[in-house]
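Now for the letters of each chain:
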Amino acid sequence: MRIFVVMKYRSSLFVLSAVIMTFFSCEEEAPIIRFIEKPLLDTSYMSAVPTPQEKSIWLADITGVKCTNCPEAAEIAYKIYKDNPGRIELIALYPTYFPTLTSAWSGYDTLTSVLANEIIGGEPEGIPRGMVDNVVYSGNRFIDRFSWPAVVQQQLKLGTPINLDVNASWISDENRGRIEYKATANSSYTKPILVIGAILEDKIIGKQSDRRVSSGYVADYEFNHVLRGVIGSSTGDTLAPAFPSSGFTVEKHYYVSKSDKWKVENLSVLIWILDAETREVLHCKSAKFGF
């Protein structure tokens with residue numbers, strides 16, 4: 001089932017045309033949940049020049065529930081995360097490209113989505129594969145799991161021209177979350193910058209193939225950093241045409257609703273900013289919804 005969620009639009013023309021469309025397709029494809037709304041706050045201004053933050057590295061694990069090597073890849077990603085505290089942001093993407101490897105087991109939650117396809121931006125030769133800041137390594141943007149540590153170390157040496165601050169909270173009596181993020185230039189950046197926001201969920205229990213166990217699968221596997229929805233476009237919304245000088249700041253706030261399947265205490269938001277021309281990730285930050 002695919003679900004398009006339309007919450008608010010910027011003009012009365014869009015309000016008149018706003019609809020919620022639900023239609024059936026393959027049961028092995030998760031709902032498409034896009035939060036498209038007018039920001040509660042959407043502003044830019046000059047502020048004091050900040051001390052540059054350390055660059056955080058965006059590591060996307062392209063994976064599947066029936067992929068026997070994917071648990072090993074997840075462990076490699078988590079070790080990178082633990083070995084570099086505060087510097088790594090993980091996202092697990094379950095594309096629809098490889099149904100024999102990614103489609104849901106009968107009776108278990110569906111993790112695949114077209115949103116994952118759109119964030120990936122192309123079809124890798126197989127899975128598991130990963131993306132590290134969307135950079136090309138050995139001629140390929142889709143990087144073998146055993147090369148992730150080397151590429152991450154390469155990216156950790158870089159700085160970022162934009163500081164990023166992200167906050168999230170859950171409003172229980174309204175059953176919705178509030179997301180706030182602020183991007184501030186610590187030096188000028190003259191090219192357009194895109195932003196992507198994703199809702200992630202941890203501690204999803206399900207069935208996972210694993211070549212390392214005698215049964216061939218783990219029935220109570222814990223899935224983490226799973227893409228559940230996006231704010232706006234999964235290919236990127238324009239954050240700013242440029243950050244023309246140090247101290248230039250863009251700030252945005254949003255509300256997001258929750259799918260019935262999600263557990264609020266396991267939800268987080270991940271925001272990443274990228275160069276619109278190269279698609280390389282300049283910086284990223286995440287925040288849990290206050291639990």
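Anything mentioned here points back to the structure above.
What comes next concerns the included structure. Source: prediction; values computed, not measured.

Conventions we followed
- Residues numbered from 1 in each chain as written.
- Predicted model: local features only at pLDDT ≥ 70, side-chain atom pairs only at ≥ 80, totals over all residues.
- Heavy atoms only, no water.
- Helix = DSSP H or I, 4+ residues; strand = E, 2+ residues; numbered from the N terminus.
- Polar contact = N/O pair within 3.5 Å; in protein donor to acceptor, adjacent residues only side chain to side chain.
- Contact = heavy atoms within 4.5 Å.
- Core = buried A, V, L, I, M, F, W, Y, C linked by side-chain atoms within 4.5 Å.
- Buried < 20%, exposed > 50% of the residue type's maximum accessible area, 1.4 Å probe, protein only.
- Disulfide = S-S within 2.5 Å.
- 1 Å grid on protein atoms, 1.4 Å probe; cavity = no way out; pocket = protein on both sides within 12 Å on 5 of 7 lines; lining within 4 Å.
- Points joined across faces, edges and corners; volume = space filled by probe spheres on them.
- Nonpolar A, V, L, I, M, F, W, Y, C, P; charged D, E, K, R; others polar.
- Phe/Tyr/Trp six-rings, centres within 6.5 Å; stacked < 30°, edge-to-face > 60°.
- Lys NZ or Arg CZ within 6 Å of the ring centre and 35° of its normal.
- Pairing = 2+ DSSP bridges.
- Axes fitted to C-alpha atoms, helices over the stretch in contact; angles between N-to-C directions.

1. Points about the side chain of Lys55
Residue placement: Lys55 occurs in the loop between strand E4 (41-46) and strand E5 (57-62). At a separation of 2.9 Å, a polar atom in the side chain of Lys55 contacts the main-chain carbonyl oxygen of Val281. With near-sequence residues (within four places) excluded, Lys55 lies in contact with Arg87, Asp133, Gln155, Leu158, Gly159, Thr160, Val281, Leu282 and His283.

2. Comments concerning the nonpolar core
Taken as a class, soluble globular proteins show a tendency for nonpolar side chains to be buried jointly. Ile162, Ile193, Ile199, Leu239, Phe243, Val269 and Phe289 are the most contacted members of the largest nonpolar core, which totals 30 residues. Secondary structure elements with two or more residues in this core: strand E8 (162-171), strand E9 (176-185), strand E10 (193-201), strand E14 (237-240), strand E15 (248-257), strand E16 (267-275) and strand E17 (281-288). At five residues, the largest contribution of residues to this core is made by E8. In terms of nonpolar packing, the next biggest core, distinct from the first, is built from 26 residues, Ile62, Leu115, Ile120 and Met131 among them.

3. Some points on the state of the cysteines
On inspection of all chains with the given rule, the structure shows one disulfide. Across a sulfur-sulfur distance of 2.2 Å, Cys67 and Cys70 are joined as a disulfide pair. Between Cys67 and Cys70, the disulfide has an S-S torsion of 85 degrees and is therefore right-handed. Considered together, Cys67 and Cys70 belong to a single accessibility category, that of buried residues.

4. Points about empty space enclosed by the protein
Taken as a whole and judged by the stated rule, the model has one cavity of 30 Å³ or more. Taken as a whole, the largest cavity spans an internal volume of roughly 60 Å³. As for the largest cavity, its lining consists of Val65, Ala104, Trp105, Tyr108, Asp109, Leu111, Ile204, Ile205, Gly206, Lys207 and Phe223. Looking at the lining of the largest cavity element by element, the count peaks at four residues for strand E11 (residues 204-209). Counted by class, the lining of the largest cavity contains eight nonpolar, one polar and two charged residues.

5. Brief notes about the packing of aromatic side chains
Scanning the model with the defined rule gives nine aromatic pairs in all. Taking the centre distance of 6.3 Å and the plane angle of 45 degrees together, the rings of Trp105 and Tyr217 count as tilted. With Trp105 in the loop between helix H3 (99-102) and helix H4 (114-120) and Tyr217 in strand E12 (residues 217-223), the pair connects residues that are 112 residues apart, well separated along the chain. Above the ring of Trp105, the side-chain terminus of Lys66 is found at 5.1 Å from the ring centroid. The ring of Tyr255 has Arg176 sitting right over it, with the charged end atom 3.5 Å from the ring centre.

6. Side note on the sheet that holds E4
Ordered in space as E4-E15-E9-E8, the four strands form an open sheet in which the pairing is antiparallel. Every interior strand has two partners, whereas the edge strands, E4 and E8, have only one. Averaged over neighbouring strand pairs, the angle between their axes works out to 15 degrees when direction is ignored. Both E8 and E9 contribute to a ladder of ten bridges, which runs antiparallel. Each residue of the ladder has a partner; that of Asn163, found in E9, is Thr184.

7. Digging into the pairing of E11
Here is the key point about a regular strand: its side chains alternate between the two faces of the sheet. Burial analysis of E11 places five of its six residues in the buried class, which makes it a mostly covered element. Where E11 lies against E12, five bridges are found, and the strand directions are antiparallel. Looking across to E12, one finds that Gly206 is bridged to Tyr221.

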